Amino acid sequence: SMRTAATEMAENETAQILATLDGAANTVVGGASLTVANLTRGIQYLGDNDFKPRVLLIGPEVLNDIQTLSAFSDASQYGGADMQKNGFVGRIFGMDVYEITPNASTLAAATQSRRAYILDPSQAFCVVEKRPVSVEEYDDATNDLQGAVITQRIGFSLIRSAAVCLITTT
């Protein structure tokens, strides 16, 4: 279906973005789960290089780690009840948080699920689009079929690798 095709196109873009971000100059190796210290060290790496950490991309396992950190779920520490109300913190330390699907990565899903990326999106990477998503419908009357061919030409490049920090957990 068209919905499935659109999902495949989006996952292809996600895989290319993640592969690009894996070239991060800064890395933090965490333990079995993400810690607040892992996040703050990643933020410091960007700050040390005069970049602004604005986005945190996380896999599902890292989301689980964040949801169990009392710093983000305990109102007496966090100062709010967002985690309890919504199940997720939309911003952490001033960064917008986005969960990524590990199935869109070129890495094994279990590996991608345990990764997080802190980045300054205005400085980290660029997107070059040669041909936007195009849909070409066709009819095959002989076989009583209708369909569409969906294509796109797009590329990604890391601009400033120091504007990205890759955090891995085990």
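Residues numbered from 1 in each chain as written. Predicted model: local features only at pLDDT ≥ 70, side-chain atom pairs only at ≥ 80, totals over all residues. Heavy atoms only, no water.

> Honestly, the overall build of the protein chain in this entry has me stumped. Any pointers?
Scanning the protein chain for helices and strands turns up seven helices and eight strands. A fraction of 72% describes how many contacts in the protein chain between residues 6 or more apart in sequence connect residues 24 or more apart. Summing over all exposed atoms, the protein chain offers an accessible surface of approximately 9,300 Å²; the carbon and sulfur share of this is 48%. (Helix = DSSP H or I, 4+ residues; strand = E, 2+ residues; numbered from the N terminus. Contact = heavy atoms within 4.5 Å. Areas by Shrake-Rupley, 256 points an atom, 1.4 Å probe, with all protein chains shown as cover.)

> What should I look at first to understand helix 3 (residues 60-68) in this one?
Residues lying three or four places apart along an α-helix face the same way, a consequence of the helix completing one turn every 3.6 residues. Looking only at helix 3, the buried set comprises Val62, Leu63, Asp65 and Ile66. Within helix 3, the buried residues cover an arc of 160 degrees as seen down the axis, which keeps them to one side. (Buried < 20%, exposed > 50% of the residue type's maximum accessible area, 1.4 Å probe, protein only. Arc of directions from axis to C-beta.)

> So what exactly am I meant to see when it comes to the pairing of strand 6 (residues 125-140) here?
Residues in a regular strand project their side chains so that they alternate between the two faces of the sheet. As judged from the 13 bridges shared by strand 6 and strand 7 (residues 145-158), these two strands associate in the antiparallel manner. Following the sheet pairing, Asp140 is matched in strand 7 by Leu145. In this structure, the hairpin formed by strand 6 and strand 7 is closed by a connection of four residues, where Asp144 is found at a positive phi of approximately 55 degrees. (Pairing = 2+ DSSP bridges.)

> What is the right way to look at the packing of aromatic side chains in this model?
Describing an aromatic ring pair means giving the distance of the ring centres and the angle of the ring planes. Taken as a whole, this structure holds one aromatic pair when the rule is applied. Seen in terms of ring centroids, Phe125 and Phe156 are 6.4 Å apart; in terms of plane orientation they differ by 45 degrees. Their pairing is tilted. In this pair, Phe125 sits in strand 6 while Phe156 sits in strand 7, placing the two residues 31 residues apart along the sequence. Over the aromatic face of Tyr45 sits the side chain of Arg41, whose NZ or CZ is 3.7 Å from the ring centroid. (Phe/Tyr/Trp six-rings, centres within 6.5 Å; stacked < 30°, edge-to-face > 60°. Lys NZ or Arg CZ within 6 Å of the ring centre and 35° of its normal.)

> Sorry if this is basic, but what is going on with the environment of Leu34 here?
Along the chain, Leu34 falls in the loop between strand 1 (26-29) and helix 2 (36-48). Overall, the relative accessible area of 1% leaves Leu34 in the buried class. Residues Leu34 and Thr170 lie 136 residues apart in sequence; the distance between their C-alpha atoms is 9.1 Å. If sequence neighbours within four positions are ignored, Leu34 has contacts with Leu39, Val62, Asp65, Ile66, Leu69, Ile167 and Thr169.

> Sorry if this is basic, but what is going on with the side chain of Asp65 here?
For Asp65, the position within the fold is in helix 3. Buried charged residue Asp65 carries no salt bridge. Nearest counter-charge: Arg114, at 8.5 Å. Apart from the residues within four sequence positions on either side, Asp65 is in contact with Ser33, Leu34 and Thr169. (Lys, Arg positive; Asp, Glu negative; His and termini not counted. Salt bridge = Lys/Arg side-chain N within 4 Å of Asp/Glu carboxyl O.)

> How should the sheet that holds strand 5 (residues 115-119) be read in this particular structure?
Working definition: the strands of a sheet are paired by backbone hydrogen bonds and lie parallel or antiparallel to each other. In space, the six strands of this open sheet follow the order 1-8-5-2-4-3, with mixed pairing throughout. Edge strands, defined here as strands with exactly one partner in the open sheet, are strand 1 and strand 3 (91-92). Contacts from helix 2 reach strand 1, strand 2 (55-58), strand 3, strand 4 (95-99), strand 5 and strand 8 (164-168), with the element oriented near 170 degrees to strand 1. (Axes fitted to C-alpha atoms, helices over the stretch in contact; angles between N-to-C directions.)

> Any chance you could explain helix 2 here in plain terms?
Taking 1.5 Å as the rise per residue, helix 2 with 13 residues should run 18 Å; its terminal C-alpha atoms sit 18 Å apart, in good agreement. Following helix 2 by one or two positions, Asp50 has its phi on the positive side, about 65 degrees. (Expected span 1.5 Å × (residues − 1).)

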